[in-house]
Amino acid sequence: MTKDTIHIPSNRKWQRHFKAKGFIPFMHDRLQSYALGGMNQYDENPFNFAIRPNEENLLAQYFFEFVEEFPYDITIEVTNNCNLNCVFCARQKMSREKGFMSMDLYKNIIDEIASKRPFSYVHLYGIGEPTIDPDIIERIVYAIQKGVTNLIIFTNGKNLLENDFYKKLADTGIGTIGIDVDAFTSDTYGRIRVGGSFDRLIAGITALNEYITENKLNTRVELAYQVYDAVNQAEFSQFQEWALEHDYEYKIVAMHQWAGLREDIECQDSHRSHERQTPCSALWSSFMILWNGDVAVCFQDANGCELMGNVANDAIETVWRGKAKEKRKAHVKGTFTGLCKNCKEYLYNNLPPCNSSVYPEDLTDD
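Residues numbered from 1 in each chain as written. Predicted model: local features only at pLDDT ≥ 70, side-chain atom pairs only at ≥ 80, totals over all residues. Heavy atoms only, no water.

**What about the overall build of the protein?**
- Helices and strands together make up the secondary structure of the protein, namely 13 helices and 11 strands.
- For the protein, whose C-alpha radius of gyration is 20 Å, the value lies close to the compact-globule estimate of 21 Å for 366 residues.
- Taken along its principal axes, the extent of the C-alpha atoms in the protein is 55 × 50 × 45 Å.
- Expressed as a percentage of its 366 residues, the buried residues of the protein come to 56%.
- Residue pairs in contact within the protein that sit at least 24 positions apart in sequence constitute 76% of those at least 6 positions apart.
- Approximately 15600 Å² of the protein is accessible, and the part contributed by carbon and sulfur atoms is 47%.
- Averaging the positions of the 38 positive and the 51 negative side-chain charges in the protein gives two centres separated by 1 Å. (Helix = DSSP H or I, 4+ residues; strand = E, 2+ residues; numbered from the N terminus. Rg over C-alpha atoms; globule rule 2.2 N^0.38 Å. Buried < 20%, exposed > 50% of the residue type's maximum accessible area, 1.4 Å probe, protein only. Contact = heavy atoms within 4.5 Å. Areas by Shrake-Rupley, 256 points an atom, 1.4 Å probe, with all protein chains shown as cover. Lys, Arg positive; Asp, Glu negative; His and termini not counted. Charge placed at Lys NZ, Arg CZ, Asp CG, Glu CD.)

This is the structure in structure tokens:
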């Protein structure tokens, strides 16, 4: 497998997305994908209709106007603690304080989302392992009861089999459970995800999928394979064959450097020079709330080096229309400072060029 093959479509089944999310979140997910030009692809066109070039521009324009009012894609880092020591993780060099988000802060965040945009895409993870949070089940249930149902949790899978945790997780009714795999032999898995067990991971994935099927739950499971050159590349075909055999959904994740925090990791395009001409999609798709309420510039800002505000003090909407908007405006006008100056993550998306008329006027005006 060559580096370029990380761009192959995933085998996501749109029917499962539709069932897990509901109509409105599903259609906004599709809208976001059109506008931000990401790799969020399905096994086939969701409704088998063509999008004309001029319609793509209109769809993108609508998305940027829609999301300017309130973030659609929100990440809530319930903790930055972890039960593994993965070799490519930001935590290897992360220096910020570790902790768990208070339940009061979490509920305030969910309450605002529920009141302003309940179908927002909400990720319950961050630079840590969410399943070690003793309140994670309560958090999921609270969000769903409030009407925030477009939820996804991503886990390393280590705790799935502990006291049948996979059953408790699926029984919450959460929309998507993502699981990192990243290898397909015990030796490689052990070298990458230090402290984990490949055999227990596979057993946990199997048990979770069987439980969901047997109980006819709407929750979908998505596996992720992060390509680490010369380490796990050769095993991707084995993983893919196994996933297809069992009809498991999966996506390919490009190795990244956490906005320069892990420059010791060689990843795609890390040594190429580019004349930058586009903003980064992360400013529209990564409202990153750290466990203490700080809002990082994006998910790549693992150390919280460039903060947009703090939702323990201000509303999400206030932060989004304040410093976060200033950052979006700078990108649209072709100004890349702070962490964005040397970050390569924008290369994995295909946004309209800087100063495009697709972006709202208040982002392009002087």
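**Describing the pattern of salt bridges**
- The full count for this structure, using the stated rule, is 25 salt bridges.
- Lys-13 is paired through a salt bridge with Asp-247; the nearest N and O atoms lie 3.7 Å apart. Of this pair, Lys-13 sits in the segment before helix H1 (14-21) while Asp-247 sits in the loop between helix H9 (236-245) and strand E8 (249-254), placing them 234 residues apart in sequence.
- When its relative accessible area of 16% is taken as the criterion, Lys-13 is described as buried.
- Here Arg-16 ties to Glu-249 by a salt bridge, and the two come within 3.8 Å at their closest N and O atoms. Taken together, the residues span a long stretch of sequence, with Arg-16 in helix H1 and Glu-249 in strand E8 at a distance of 233 residues. (Salt bridge = Lys/Arg side-chain N within 4 Å of Asp/Glu carboxyl O.)

**Side note on the packing of helix H4 (residues 103-116) against helix H5 (residues 136-145)**
- Packing of H4 against H5 brings their axes to within 10 Å, and their N-to-C directions diverge by 25 degrees. With respect to H5, the axis of H4 lies roughly parallel. Two packed elements cross with a definite hand, and for H4 against H5 that hand is right-handed. In contact with Met-103, Tyr-106, Lys-107, Ile-110 and Asp-111 of H4, H5 contributes Glu-138, Arg-139, Ile-140, Tyr-142 and Ala-143.
- Residues that form the contact of H4 with H5 fall into these classes: six nonpolar, no polar and four charged. (Axes fitted to C-alpha atoms, helices over the stretch in contact; angles between N-to-C directions. Parallel < 35°, antiparallel > 145°, perpendicular 65-115°, else oblique. Left-handed = near helix turned anticlockwise from the far one by under 90°. Nonpolar A, V, L, I, M, F, W, Y, C, P; charged D, E, K, R; others polar.)

**Considering unusual backbone geometry**
- For Lys-216, which is not glycine, the phi dihedral falls at a positive 50 degrees.
- The backbone of Asp-247 shows a phi angle near 60 degrees, a positive value even though the residue is not glycine.
- The class for Asp-247 is partly exposed, based on a relative accessible area of 38%.

**Observations regarding the environment of Asn-150**
- One can find Asn-150 in the loop between H5 and strand E4 (151-155).
- Take Asn-150: its relative accessible area is 2%, and that puts it in the buried class.
- Note: C-alpha distance between Asn-150 and Pro-130 (20 residues apart in sequence) is 17 Å.
- Every residue in contact with Asn-150, bar those within four places of it in the chain, is listed here: Lys-21, Pro-25, Asp-29, Tyr-72, Phe-119, Ser-120, Tyr-121 and Val-122.
- A polar contact is formed between the side chain of Asn-150 and the side chain of Lys-21, at a distance of 3.3 Å.
- Engagement of the side chain of Asn-150 in a polar contact is seen with the backbone oxygen of Phe-119, the distance being 3.4 Å. (Polar contact = N/O pair within 3.5 Å; in protein donor to acceptor, adjacent residues only side chain to side chain.)

**Let's talk about the pairing of strand E5 (residues 176-180)**
- The buried fraction of E5 amounts to five of the five residues, a majority that puts the element mostly inside the structure.
- Both faces of E5 are covered, namely the face carrying Thr-176, Gly-178 and Asp-180 and the face carrying Ile-177 and Ile-179.
- Taken together, E4, helix H6 (residues 165-171) and E5 constitute a β-α-β crossover, and its handedness is right-handed.
- The pairing of E5 with strand E7 (residues 220-227) spans five bridges and is parallel. Residue pairing in the sheet places Ile-177 in a bridge with Val-221 of E7. (Right-handed = clockwise from strand over helix to strand, strands pointing away. Pairing = 2+ DSSP bridges.)

**Examining the packing of aromatic side chains**
- Evaluated as defined, the whole model comprises 28 aromatic pairs.
- Geometrically, the ring pair formed by Phe-66 and Phe-119 is stacked, given 6.4 Å between the ring centres and 10 degrees between the ring planes. Highlighted residues: Phe-66 in helix H3 (residues 53-69) and Phe-119 in the loop between H4 and strand E3 (121-123), separated in sequence by 53 residues.
- Look at Phe-66 and you get buried, because its relative accessible area is 10%.
- Phe-119 sits in the partly exposed class, given a relative accessible area of 21%.
- Summarising the aromatic geometry, the rings of Trp-242 and Tyr-248 are spaced 5.1 Å apart at their centres and angled 75 degrees between planes, so their arrangement reads as edge-to-face. Comparing Trp-242 with Tyr-248, the two get one shared label, buried.
- One aromatic cluster is present, formed by Phe-184, Tyr-189, Phe-198, Tyr-225, Phe-236, Phe-239, Trp-242, Tyr-248 and Tyr-250 through successive ring pairs.
- Lying over the aromatic face of Phe-66, Arg-117 brings its terminal NZ or CZ to 3.9 Å of the ring centre. (Phe/Tyr/Trp six-rings, centres within 6.5 Å; stacked < 30°, edge-to-face > 60°. Lys NZ or Arg CZ within 6 Å of the ring centre and 35° of its normal.)

**Notes on the sheet that holds E5**
- Strand order in this open sheet of nine strands is E8-E7-E5-E4-E3-E1-E9-E10-E11, and the pairing throughout is mixed. Two strands close off the open sheet at either side, each with one partner strand: E8 and strand E11 (307-310). This sheet shows a mean twist of 25 degrees between the axes of neighbouring strands, independent of strand direction.
- Pairing analysis gives two bridges linking E3 to E4, with the strands arranged parallel. Residue pairing for E4: Val-122 is matched across the bridge by Leu-151.
- Sitting on the sheet, H9 touches E7 and E8, and the angle it makes with E8 is about 155 degrees.

These values are about where atoms sit, not about what they do.
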